[in-house]
Amino acid sequence: MIPYCILAIEDESDREFMVSLYLQYEKLMYSTIRKVTQDSWLVDDIFQSTLEKLIDKIYLLKKLNRDRLVNYLIVACRNTAYNICQAQARNLAEDIESYIGEASSNCVGANIEDLIILQNQLESLYTIWERLDARSRYLLEAKYILEMSDTEIGETLKIKPQSVRMALTRARKNALTLIEGK
């Protein structure tokens, strides 16, 4: 299926060029992106962003010979993937830092050792975060950072609240296994 961003191109020759480019190099582009991230939810977003950037460069792409075109596509996919993954990592770091700050302020009167233990646990989680599968990351973030209820998470994932509890148990076990196996 041709992405809408290509079908929305007004110039017919440009649209035909991008459709041909998409059909010919889709697998190459996806495999390049997957070398940067295995997050299946993120791969499609990166692919779409790359296509949008390529559409802005149609005039240049039409002038390139096949070898240079292939190299251009690979570099565009890889750079877009790196940029989006870095932006996500920065957002995650900010989320965890703000969560640590909130946890510290919510523990007024708590023992300083408890705060240090909490911070160490969060730092351990941060170090293995990228190695967690996308579903586990989503579940843990939704439950503990966004503080969503089991019902809200279940509605998002289209599963029952009881299933959310079991999925959270699996996600916590996955995280603990990775932390212990560092």
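To be clear, the structure that these remarks concern was listed above.
Residues numbered from 1 in each chain as written. Predicted model: local features only at pLDDT ≥ 70, side-chain atom pairs only at ≥ 80, totals over all residues. Heavy atoms only, no water.

Visitor: Summarise the overall build of the protein chain; cite the residues concerned and give the values.
Guide: In terms of helices and strands, the protein chain carries nine helices and zero strands. Starting at the N terminus and ending at the C terminus, the protein chain contains elements arranged as α-α-α-α-α-α-α-α-α. Across the 182 residues that make up the protein chain, the buried fraction comes to 35%. Sequence-distant contacts, at least 24 apart, represent 60% of the contacts inside the protein chain between residues at least 6 apart. Accessible area for the protein chain stands at about 11,600 Å²; split by element, carbon and sulfur atoms hold 51% of it. (Helix = DSSP H or I, 4+ residues; strand = E, 2+ residues; numbered from the N terminus. Buried < 20%, exposed > 50% of the residue type's maximum accessible area, 1.4 Å probe, protein only. Contact = heavy atoms within 4.5 Å. Areas by Shrake-Rupley, 256 points an atom, 1.4 Å probe, with all protein chains shown as cover.)

Visitor: I'd like a description of the nonpolar core, backed by residues and values.
Guide: What tends to happen in soluble globular proteins is that the nonpolar side chains get buried as a cluster. Of all hydrophobic cores here, the largest spans 28 residues; its most connected members are Ile6, Met18, Leu51 and Leu54. Going through the elements one at a time, helix H1 (4-7), helix H2 (12-34), helix H3 (40-55), helix H4 (58-63) and helix H5 (66-106) are the ones with two or more residues in this core. Beyond its immediate sequence surroundings of up to four residues, Leu51 is in contact with Pro3, Cys5, Ile6, Met18, Tyr22 and Met29. If you look at the next biggest cluster of nonpolar residues, it comprises 15 residues, including Leu132, Leu140, Leu157 and Val164. (Core = buried A, V, L, I, M, F, W, Y, C linked by side-chain atoms within 4.5 Å.)

Visitor: Tell me about a negative patch on the surface, and please be specific about residues and values.
Guide: Together, Glu10, Asp11, Glu12 and Glu16 make up a region of like negative charge exposed at the surface. Turning to its location among the elements, Asp11 is positioned in the loop between H1 and H2. The class of Asp11 is partly exposed, set by a relative accessible area of 38%. (Patch = residues over 30% accessible without salt bridge, like charges linked within 9 Å, V, L, I, M, F, W, Y side chains within 5 Å. Salt bridge = Lys/Arg side-chain N within 4 Å of Asp/Glu carboxyl O. Lys, Arg positive; Asp, Glu negative; His and termini not counted. Charge placed at Lys NZ, Arg CZ, Asp CG, Glu CD.)

Visitor: Let's hear about the pattern of salt bridges: which residues, and what values?
Guide: Scanning the model with the defined rule gives three salt bridges in all. For Lys143, the salt bridge goes to Asp150, with nearest N and O atoms at 2.9 Å. By relative accessible area, Asp150 is classed as buried at 13%. The salt bridge involving Asp150 is made with Arg165; its shortest N-O contact spans 3.5 Å. Of this pair, Asp150 sits in helix H8 (residues 150-157) while Arg165 sits in helix H9 (residues 161-181), and the two are 15 residues apart along the sequence. One salt-bridge network, held together by shared partners, links Lys143, Asp150 and Arg165.

Visitor: Quick one: what's the story with the side chain of Thr32, residue by residue and with numbers?
Guide: The topology assignment puts Thr32 in helix H2. Relative accessible area serves as the criterion here: at 7%, Thr32 is assigned to the buried category. When residues no more than four places from it in sequence are discounted, the contact partners of Thr32 are Ile74, Cys77 and Arg78.

Visitor: I'd like to hear about a nonpolar patch on the surface, residue by residue, with values.
Guide: A cluster of nonpolar side chains, contributed by Met1, Tyr4 and Leu7, occupies part of the molecular surface with about 430 Å² of accessible area. By the element assignment, Leu7 lies in helix H1.

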